[in-house]
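Read off the chains here:
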Amino acid sequence: MRSRRRHPLLVPVLLCALAVLVARPTSAAGDADTSGGLNAEVVRLYDEASLATRQYEAGRRAAEVQRGRAQRLERLLVRERQDIAALHGDLGRIARAQYRSGGGLPHTAQMLLADSPEELMRGQRAVWQADLAVNNAVTKSRRAEARLAADEEKAASAWQVLDRRNGELAEIKRGIEKKLEEAQWALQGQADASVAAGACRGAVRLDQPRTGFAQPWVAPVETYELSSGFGNGGDRWASRHTGQDFAVDIGTPVRSVGAGRVVKVSCGGAFGIEVVVKHAGGYYTQYAHLAAVTVEQGERVAAGQWVGQSGTTGNSTGPHLHFEVRLTPQLGSGVDPREWLATRGVRL
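Residues numbered from 1 in each chain as written. Predicted model: local features only at pLDDT ≥ 70, side-chain atom pairs only at ≥ 80, totals over all residues. Heavy atoms only, no water.

Assignment of secondary structure puts arginine 165 in helix H4 (residues 117-197). It is 8.6 Å that separates the C-alpha atoms of arginine 165 and arginine 60, two residues lying 105 residues apart in sequence. (Helix = DSSP H or I, 4+ residues; strand = E, 2+ residues; numbered from the N terminus.)

Let's shift gears to the pattern of salt bridges. The final tally for this structure, using the stated rule, is 5 salt bridges. With a closest N to O distance of 3.3 Å, glutamate 274 and lysine 264 form a salt bridge. With a gap of 10 residues between them, glutamate 274 in strand S5 (residues 273-279) and lysine 264 in strand S4 (residues 260-266) connect regions that are remote in the sequence. (Salt bridge = Lys/Arg side-chain N within 4 Å of Asp/Glu carboxyl O.)

In this structure, Val275, Tyr287, Leu290, Leu321 and Phe323 are the most contacted members of the largest nonpolar core, which totals 37 residues. Elements with a contribution of two residues or more to this core: helix H2 (27-100), H4, S4, S5, strand S6 (284-293), strand S9 (321-326) and helix H5 (337-342). Apart from residues lying up to four places away in sequence, leucine 290 is in contact with Ala191, Val254, Ile273, Glu274, Val275, Gly308, Gln309, Ser310, Gly311, Thr313 and Leu321. Counting 8 residues, the second largest nonpolar core, distinct from the first, contains Leu73, Leu77, Ile84 and Ala155. (Core = buried A, V, L, I, M, F, W, Y, C linked by side-chain atoms within 4.5 Å. Buried < 20%, exposed > 50% of the residue type's maximum accessible area, 1.4 Å probe, protein only. Contact = heavy atoms within 4.5 Å.)

This part covers the environment of glycine 202. Mapped onto the fold, glycine 202 is located in the loop between H4 and strand S1 (225-226). Here glycine 202 falls in the partly exposed class, since its relative accessible area comes to 47%. The spacing of glycine 202 and glycine 36 is 166 residues in sequence and 9.4 Å in space, taken between C-alpha atoms. Ignoring any residue separated from it by four or fewer positions in sequence, one finds glycine 202 in contact with Val293 and Glu296.

Structure below.
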């Protein structure tokens, strides 16, 4: 009879292993698989959106050219219809004149009763001229009608091409916008989870564009609209607004305005996910309400280097970057960011 205690340590070992697996944070593996990919996906979609925008603008310009061509054809059709109406009028006058004079009968009688070769030739010439006038008028009218029909077909084709091109451009734009919005809010969902946990994810290493800024200072985002400014009052702040807000979409790359060293990367609190950089001369810049960070604390950064991606974490009413310039790393020592950047050659 086999003993059931052949492996006395097997059960405790399995239980310990199971406990370790249960206690082990599973989000880290998921973050490694999805977080960086999602951040990069947002940046890639921004690049695609930028390319699509350039294509859209090129298409819009081509569409305007096409619209101009179609409008020129329409104006040509108006003139051709007027010409045809005039030709029909000429035919009507010729027909009425021949009716009043008895058609070609007087000329025929004149030739039959001619007393001389000269009089006979004059009659023949009159008949020939009358026939020629009618034939010319009919030929011109038929040519004009054929040209009108061909140009009407061209105009219709031009409008169809324009409508099709506009439809294609609108579809491209809608597709990019839908993909980008989905990726943006997925990224924001990850950011909200980080803030709720009070622990930032590790730095996301993105393929940054080769900028090679010649100037030592830059704006914190490339394309933006300014919203709440330094010192503004309102219900959203305990006293006065301590920085400058940049209205940008979730996932927009956020740049260090100058060279320096990252002294703070944190999550939670009113600023949500934030990065603070110390610059030469003792000034600090803060980048808040981020959806992700792309740098580690203690890391040195260059002017224009991405330090994060914008979001709406913390005490935020919508996607934007909150940017501050401070005399210390802490809140409460802020100076006007626009004036500070202006003295360094950057006008917002």
